[in-house]
Every structure is written in C-alpha cells, then in structure tokens.
Amino acid sequence: MTEKNKIKCGYVTLAGRPNVGKSTLLNHIMKQKVSIVTHKPQTTRDRILAIYNDADTQIVFLDTPGIHRPVGALGHHMNDAAHNAILEADLCLWIIDAACKHREVDAGLTPAEMAIADRLKQTKIKTVVAINKVDLIKPKKRLLPIMQAVVALGFVETVVPIAALNGDATDTLMAEIITRLPQNPRLFPQDMLSDKADRFFVSELVREVILNVTHREVPYKTAVVIDSYKQMRRQCEIFASIHVETNGQKGIIIGKGGEMLGQIRETARAEAEEMLGCPVTLKLHVNVSPDWSTNPAGLKKMGYE
Ligand SMILES: Nc1nc2c(ncn2[C@@H]2O[C@H](COP(=O)(O)OP(=O)(O)OP(=O)(O)O)[C@@H](O)[C@H]2O)c(=O)[nH]1
Ligand SMILES: [Mg+2]
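Rules and cut-offs
- Residues numbered from 1 in each chain as written.
- Chains lettered and ligands numbered in written order.
- Predicted model: local features only at pLDDT ≥ 70, side-chain atom pairs only at ≥ 80, totals over all residues.
- Heavy atoms only, no water.
- Donors = N, O, S within 2.8 Å, 3.2 Å for Na, K, Ca; no water.
- Helix = DSSP H or I, 4+ residues; strand = E, 2+ residues; numbered from the N terminus.
- Buried < 20%, exposed > 50% of the residue type's maximum accessible area, 1.4 Å probe, protein only.
- Disulfide = S-S within 2.5 Å.
- Domains from an automatic or database assignment.
- Buried area = accessible area lost by both parts, 1.4 Å probe.
- Salt bridge = Lys/Arg side-chain N within 4 Å of Asp/Glu carboxyl O.
- Polar contact = N/O pair within 3.5 Å; in protein donor to acceptor, adjacent residues only side chain to side chain.
- Nonpolar A, V, L, I, M, F, W, Y, C, P; charged D, E, K, R; others polar.
- Axes fitted to C-alpha atoms, helices over the stretch in contact; angles between N-to-C directions.
- Contact = heavy atoms within 4.5 Å.
- Near = heavy atom within 4 Å.
- Areas by Shrake-Rupley, 256 points an atom, 1.4 Å probe, with all protein chains shown as cover.
- Pairing = 2+ DSSP bridges.

### Things to note about the coordination of the magnesium ion (ligand 2)
- Within the first shell, the magnesium ion (ligand 2) binds the protein through Ser-23 (OG) and Thr-44 (OG1), at distances of 2.0 to 2.1 Å. Of the two residues, Ser-23 is situated in helix H1 (residues 22–30) and Thr-44 in the loop between H1 and strand E2 (48–54); the sequence distance between them amounts to 21 residues. Accessibility classification places Ser-23 together with Thr-44 in one group, the buried group.

Put into structure tokens, the structure is as follows:
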C-alpha cells in the first residue's frame, strides 16, 4: 500500500475532567508510555500528540490536560491547550470517570461534566464517550444512570464503558472510533510516534517522579526544564533543572541530606534508560523561580507556550 492510499485516518482528542484516565488510556492504546500518569489530578499540562498506526488505520491522538477551574497562568494555559485540541479533532473522545467522588450515589453527570458537555455540544465535533474505571463500580448496573445521562445529551454518537487500567473493552472503543474516522492518506510517516523529541519525554518522566513523591502544593508548583541533552553513541547525558516557586518547596525536593533528590534522580534515570534503550547519566539541579506558574513569562521559561 502506498502512502497516497486513503485509509481510516484522523485526529482524535482525548478530553475530560482531570484524573479520569485519559493518559492511561492513551498509553494502553499505544502499548508504551507516551503521556505521564499519576494518581494526582492535573498531571498532563500540555497537548501530547501520539500517532497510532496499523495496516489500514492512522489515528493522531491528542492527549490533553483535564478541564478544571483554572488558577493562575498555568491553569489557564492547561484549559486552553485542552479546548484548542478539541477544536483540532475529527472526533472527540470524552472520558468520564465512573468512580468520580463528586458524583452523588446512583446519579448521572456531575455539574462539572455537564459544563464539558455544553462546551462539546457547541463545537459540533463528533463525540464518543468512554466511561472509564468501571472496574471500581459494583454492581455494574450502577453505570446505567451515567450512561442514560450521556445518551440524554443528544449529541453523543456512542458510549462505551471501559477500564483503561487493564484494557477492558478498549478494543470495542477503538472499533467505535475507527469506524467514525474520515478517509485520508496517512498524515504522518508510519514510524513517527510523536511531534515531540526525546528530551521532552525525559523532562516529563522527571516531573512524573516528583508528582508521585511530593504532596500538597509542591506537584503543582514544579516544572522541569532540560538544560542540556547529549545523545552519544552508546549513552545519553542529560542535565535538567527542577523549578519550584519557594525555598520551602526547594527544601522538600532536595530532602534531608539530598536524599529525596537522589531518589528522584535514580527513579527517573532508570525510567529514562528504559525509554531510550541506553545508559543514561542524569544530573538534576533545583532552582527557585518565584511565581513562575502565575505569569506568562514564567510559563514561557518552563516551555509552556
Ligand atoms: N481503577 C482504575 N484506575 C484507573 C483507570 N484508568 C486510570 N486510572 C487511574 O487514574 C489515575 C489518573 O490517571 P491519568 O491517566 O493520569 O488521568 P488523566 O485523565 O490523564 O489525568 P490528568 O492528566 O490529570 O488530566 C491514575 O492513578 C490511574 O492509574 C481504570 O480503568 N481503573
Ligand atoms: Mg493526563
């Protein structure tokens, strides 16, 4: 088949509230980690592009930050990234957390989910809903009010209950997506995974480790910037700065006698080695950049544009 042949091919944006499992689903479909995942909301901060290929399909997935009530420049940047990615889509995959703690017992959609529904309806973009984390719902009939509420919205093409964590029903979901894609020649080369370079993914791995080991405001005030990235023949040498907003946050990241920073470096280095497939030297430096998350110049410095 030549690259000019038309196949099922288009942009699919994963959108929804924070922490619903968008990035988990993307990683499951891609069979590798392209987007970091933690148990904390607001993990994804930017649009992440990942290209799924098989013999007769190409799906350009856009993972997005969870849509939330924004605080400061970073929050607005994240919501804008999500809304802009939705407008790029041939199909929007709206993911709902079946086990969302804000849902009243046996109720339909939460007010925050209804706000997303209103927005999606206005865009007139084809929308498929995945109700995720159904492994946490027992008995399964408790999904019915959510499914009925989604159908009652009137604009959703179909709704599929899934569990992204273990891959339950993700094949069914993929089939529902693919049948609704337009016919196009492949938009990207078949061996291309993303539009971002390895250095971006390494910075995300470091941030993922920090999100996993820190608490309260620290995860939300941390950014990671790669200062130097040297890919040599058999190894990779990476210098990265961890930016926080206060000296207190810096102390937490470094830890007693540098123990925490050492743990962050070791975990991130091991993950980077697995991703890059070569030995990695990782040097981390912690920097205080006051108020970086609250102003546009600060965001730009951290690579959020
Ligand atoms: N039990 C269960 N947990 C899940 C499932 N899918 C995702 N999770 C968990 O939900 C949490 C959030 O997952 P993410 O993939 O980071 O969610 P997200 O929607 O990308 O979150 P943001 O990037 O913050 O918007 C993680 O702890 C996942 O392990 C699932 O099917 N079942
Ligand atoms: Mg995410």
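### Description of the state of the cysteines
- Applying the stated criterion across every chain yields a total of zero disulfides.
- Here Cys-100 is not cross-linked by a disulfide; its sulfur's nearest cysteine counterpart is in Cys-92, at 18 Å.

### Let's talk about unusual backbone geometry
- Note that the residue after Lys-138, namely Pro-139, is joined by a cis bond; omega there is -10°.
- Mapped onto the secondary structure, Pro-139 falls in the loop between strand E5 (126–132) and helix H4 (144–152).
- Backbone geometry places Arg-216, a non-glycine residue, at a positive phi of 50°.
- Mapped onto the secondary structure, Arg-216 falls in the loop between helix H6 (198–213) and strand E8 (223–231).
- Relative accessible area serves as the criterion here: at 75%, Arg-216 is assigned to the exposed category.

### Some points on the domain arrangement of the protein chain
- Taken domain by domain, the protein chain holds domain 1 (7–184) and domain 2 (198–301).
- The C-alpha centroid of domain 2 is placed 28 Å from the C-alpha centroid of domain 1.
- Both faces considered, domain 1 and domain 2 share a buried interface measuring about 1,500 Å² in area, 57% of it formed by carbon and sulfur atoms.
- Ranking the residues of domain 1 by area buried against domain 2 places Ile-36, Lys-40 and Arg-45 at the top, with a combined share of 38%.
- Here domain 1 and domain 2 share two salt bridges between them.
- Note that Glu-208 and Lys-33 form a salt bridge whose closest N and O atoms lie 2.5 Å from each other.
- Scanning the region where domain 1 abuts domain 2 turns up eleven residue pairs in polar contact (both at pLDDT 80 or more).
- Take the side of domain 1 that touches domain 2: its biggest share by element is four residues, from helix H2 (residues 72–88).
- Of the residues that constitute the side of domain 1 that touches domain 2, the class distribution is seven nonpolar, seven polar and three charged.

### Things to note about the packing of helix H7 (residues 247–254) against helix H8 (residues 259–276)
- Across the interface, H7 lies against H8 with an axial gap of 5 Å and an inter-helix angle of 65°. Contact residues: Ile-252, Ile-253 and Ile-254 in H7; Glu-259, Met-260, Leu-261 and Ile-264 in H8.
- Taken together, the residues that form the contact of H7 with H8 break down as six nonpolar, no polar and one charged.

### A word on the side chain of Asn-27
- Note on placement: Asn-27 falls in helix H1.
- In contact with Asn-27, other than residues within four places in its own chain, are Gln-32, Lys-33, Val-34, Ser-35 and Val-37.

### Description of the site of ligand 1
- Taken together, 23 residues lie near ligand 1, and Lys-22, Thr-24, Gln-42, Thr-43 and Thr-44 sit nearest.
- Residue Thr-38 places a main-chain N or O atom 3.5 Å away from an oxygen atom belonging to ligand 1.
- Within the backbone of Ala-164, a nitrogen or oxygen atom sits 3.0 Å from an oxygen atom of ligand 1.
- In isolation ligand 1 has 650 Å² of accessible area, and contact with the protein removes 91% of it.
- Looking at which element gives the most residues to the shell around ligand 1, the answer is H1, with three residues.
- Here the residues of the shell around ligand 1 are counted per class, giving eight nonpolar, eleven polar and four charged.

### A look at the pairing of strand E1 (residues 7–16)
- With nine of its ten residues buried, E1 lies for the most part within the structure.
- Summarising the sheet, E1 and strand E7 (residues 183–184) pair through two bridges and their orientation is antiparallel. Following the sheet pairing, Lys-8 is matched in E7 by Gln-183.
- Here E1 runs beside strand E3 (residues 57–63); their pairing, made up of seven bridges, is parallel. By the bridge assignment, Val-12 is partnered in E3 with Phe-61.
- Pairing between E1 and strand E4 (residues 91–97): five bridges, direction parallel. Within the sheet, the bridge partner assigned to Ala-15 lies in E4 and is Trp-94.

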